[in-house]
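Spelled out from the first residue to the last, the chains are:
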Amino acid sequence: MNKMMKWVDAIRTITAPFGDPIGEIENEEVECVMVAESTVRGIMNPEVKLKFHELSQVRVFAEMLRSSEEIEDVEIEVVPDFDLLLQFKGGEHERYQLWLGQPDHPSVITEFERTDVVWRLPEHSTNQLIDALGLDK
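Residues numbered from 1 in each chain as written. Predicted model: local features only at pLDDT ≥ 70, side-chain atom pairs only at ≥ 80, totals over all residues. Heavy atoms only, no water.

**Q** I keep staring at the pattern of salt bridges and nothing clicks. Help me out?
**A** Side chains bearing opposite charge may pair, as long as their charged atoms lie close to each other. As enumerated under the stated definition, the model contains four salt bridges in all. The partner of E47 in a salt bridge is K49, with the nearest N and O atoms 3.1 Å apart. K49 sits in the partly exposed class, given a relative accessible area of 47%. The partner of R66 in a salt bridge is E63, with the nearest N and O atoms 3.7 Å apart. One end of the pair is R66 and the other is E63, both in helix α3 (residues 55–67) and three residues apart, which spans about a single turn. (Salt bridge = Lys/Arg side-chain N within 4 Å of Asp/Glu carboxyl O. Buried < 20%, exposed > 50% of the residue type's maximum accessible area, 1.4 Å probe, protein only. Helix = DSSP H or I, 4+ residues; strand = E, 2+ residues; numbered from the N terminus.)

**Q** Quick question: what am I supposed to make of the pairing of strand β1 (residues 30–37) here?
**A** On a regular strand, each side chain points to the face opposite its neighbour's, so the side chains alternate between the two faces of the sheet. Burial runs high along β1: six of the eight residues are buried. Relative to strand β4 (residues 82–88), β1 runs antiparallel, the two sharing seven bridges. Pairing of E37 across the sheet is with F82, part of β4. When β1 meets strand β2 (residues 50–52), the two strands line up antiparallel, connected through three bridges. Considered in β2, the bridge of V33 is made with F52. (Pairing = 2+ DSSP bridges.)

**Q** Would you take a moment to explain the environment of G90 for this structure?
**A** The topology assignment puts G90 in the loop between β4 and β5 (93–99). The exposed category is assigned to G90, whose relative accessible area is 80%. Taking the C-alpha atoms as reference, G90 lies 10.0 Å from V30; in sequence the two are 60 residues apart.

**Q** I'm lost on the packing of aromatic side chains in this one. Help?
**A** Aromatic rings considered in pairs are described by the distance between their centres and by the relative angle of their planes. According to the stated counting rule, one finds one aromatic pair in the structure shown. Across the ring face of F112, the terminal group of R95 is positioned such that the distance to the ring centre comes to 4.5 Å. (Phe/Tyr/Trp six-rings, centres within 6.5 Å; stacked < 30°, edge-to-face > 60°. Lys NZ or Arg CZ within 6 Å of the ring centre and 35° of its normal.)

**Q** Is there a simple way to explain the pairing of β5 in this structure?
**A** Across six bridges, the pairing between β4 and β5 is antiparallel. Within the sheet, the bridge partner assigned to Q87 lies in β5 and is H93.

In structure tokens:
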């Protein structure tokens, strides 16, 4: 057993510069993201167009939430671009509507359960979302 632990430690030492993808997957709370084209504000479109399960894909949406900032006194009257369903570990989920900005410009989201609150996404999040959704072509 002691010999095996030395071997495991040696592998960890060799692979440490490459990060810990298993630990990253375990630490990321978002497991799956489903995306639909929005049709009406405040109503989730059940017709899912894209599903993301891989860490690199769901990380974009997790970062979207982490980097968002609440903004006040904003009313949006146009239909959102996308409906998002984020599935978290433990089976919890959150639903958002996304107004995707142009490259290098902010975007905004609202949570379905709190449509009175608007969250601003920074330019880098917009760019990452454009890439993840395959809209950069």
